[in-house]
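Summary of the model geometry
Read off the chains here:
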Amino acid sequence: MLRIIGTLAALIALTGCASKFKTYNGPEVTRVILVKQERALHLMHNGVPLKSYDVGLGFAPNGHKEKEGDGRTPEGEYEIDRRNPDSEFHLSIGISYPNEKDIELAEEEGHDPGGDIFIHGRPWKYRKGGRDWTAGCIAVTNREIEEIYAMVRNETPITIIP
């Protein structure tokens, strides 16, 4: 009996040590597509979907992000441009918002376009945030961001469709 309890305790301890950094050896993700209205993120390989995820968006998701604090998720063509393995949101990969056009439009209106738009997980403190709870980012579960982080490389294009 003690041996069974010891074995179970060891298994539980090892489970807690599982890394958030996964490996991926499948087809290259050649484009990421987010369809905001459907709350769907698709990882594509040459036009063929590899994986799809349900997502949460900014707290005011309709329309293109125009300024810092508007709660909108950007729309348009961007690329994955950075990674944060120590993110407050478990793991995160950055989106190249704002681009030159976004900056120009914001300046014309006298606004700061904002920035720091990521695809990221959902930490415990935001567990009750509802579906669209971010400041403009794209949220998935922690387990899903681990897959996405492993599959999507920097410089991968991302298309964000209303």
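Structure shown above.
Residues numbered from 1 in each chain as written. Predicted model: local features only at pLDDT ≥ 70, side-chain atom pairs only at ≥ 80, totals over all residues. Heavy atoms only, no water.

Moving on to the pattern of salt bridges. A side chain with one charge may pair with a side chain of the opposite charge, provided their charged atoms come close. Within this structure, the stated rule accounts for nine salt bridges. Where Glu147 meets Lys51, a salt bridge forms, and the shortest distance between an N and an O atom there is 3.3 Å. Of this pair, Glu147 sits in helix H3 (residues 142-151) while Lys51 is found in strand E3 (residues 48-54), placing the two residues 96 residues apart along the sequence. Judged by relative accessible area, which is 30%, Glu147 ranks as partly exposed. (Salt bridge = Lys/Arg side-chain N within 4 Å of Asp/Glu carboxyl O. Helix = DSSP H or I, 4+ residues; strand = E, 2+ residues; numbered from the N terminus. Buried < 20%, exposed > 50% of the residue type's maximum accessible area, 1.4 Å probe, protein only.)

All right, on to unusual backbone geometry then. A cis geometry characterises the amide bond from Tyr97 onward to Pro98, with omega recorded as 0°. With respect to the element layout, Pro98 can be found in the loop between strand E5 (92-95) and helix H2 (100-109). Located in the positive-phi region is His90, a residue other than glycine, with phi close to 75°. Within the secondary structure, His90 sits in the loop between strand E4 (76-84) and E5. The class of His90 is partly exposed, set by a relative accessible area of 21%.

Turning next to the side chain of His64. Within the element layout of this structure, His64 appears in the loop between E3 and E4. A polar side-chain atom of His64 sits 2.8 Å from the main-chain amide nitrogen of Glu75. Those residues within four positions of His64 in sequence are excluded, and the remaining contacts are Asp70, Arg72, Thr73, Pro74, Glu75, Tyr78, Tyr97 and Asp102. (Polar contact = N/O pair within 3.5 Å; in protein donor to acceptor, adjacent residues only side chain to side chain. Contact = heavy atoms within 4.5 Å.)

This paragraph deals with the side chain of Lys36. Along the chain, Lys36 turns up in the loop between strand E1 (31-35) and strand E2 (40-45). There is a polar contact of 2.8 Å between the side chain of Lys36 and the backbone oxygen of Gly63. The residues touching Lys36, leaving out its near neighbours within four places in the chain, are Leu57, Pro61, Gly63, Thr73, Pro74, Glu75, Ile160, Ile161 and Pro162.

We now examine the packing of aromatic side chains. What describes a pair of aromatic rings is the distance from one ring centre to the other and the angle between the planes of the rings. Counting across every chain of the model gives three aromatic pairs. Taking the centre distance of 6.0 Å and the plane angle of 65° together, the rings of Tyr78 and Tyr97 count as edge-to-face. Of the two residues, Tyr78 sits in strand E4 while Tyr97 sits in the loop between E5 and H2, which places them 19 residues apart along the sequence. Here Phe89 and Trp133 contribute two aromatic rings whose centre-to-centre distance is 6.2 Å and whose plane-to-plane angle is 40°, an arrangement assigned as tilted. Of this pair, Phe89 sits in the loop between E4 and E5 while Trp133 sits in the loop between strand E6 (117-120) and strand E7 (138-139), and the two are 44 residues apart along the sequence. Under the relative-accessibility criterion, Trp133 is labelled buried at 13%. (Phe/Tyr/Trp six-rings, centres within 6.5 Å; stacked < 30°, edge-to-face > 60°.)

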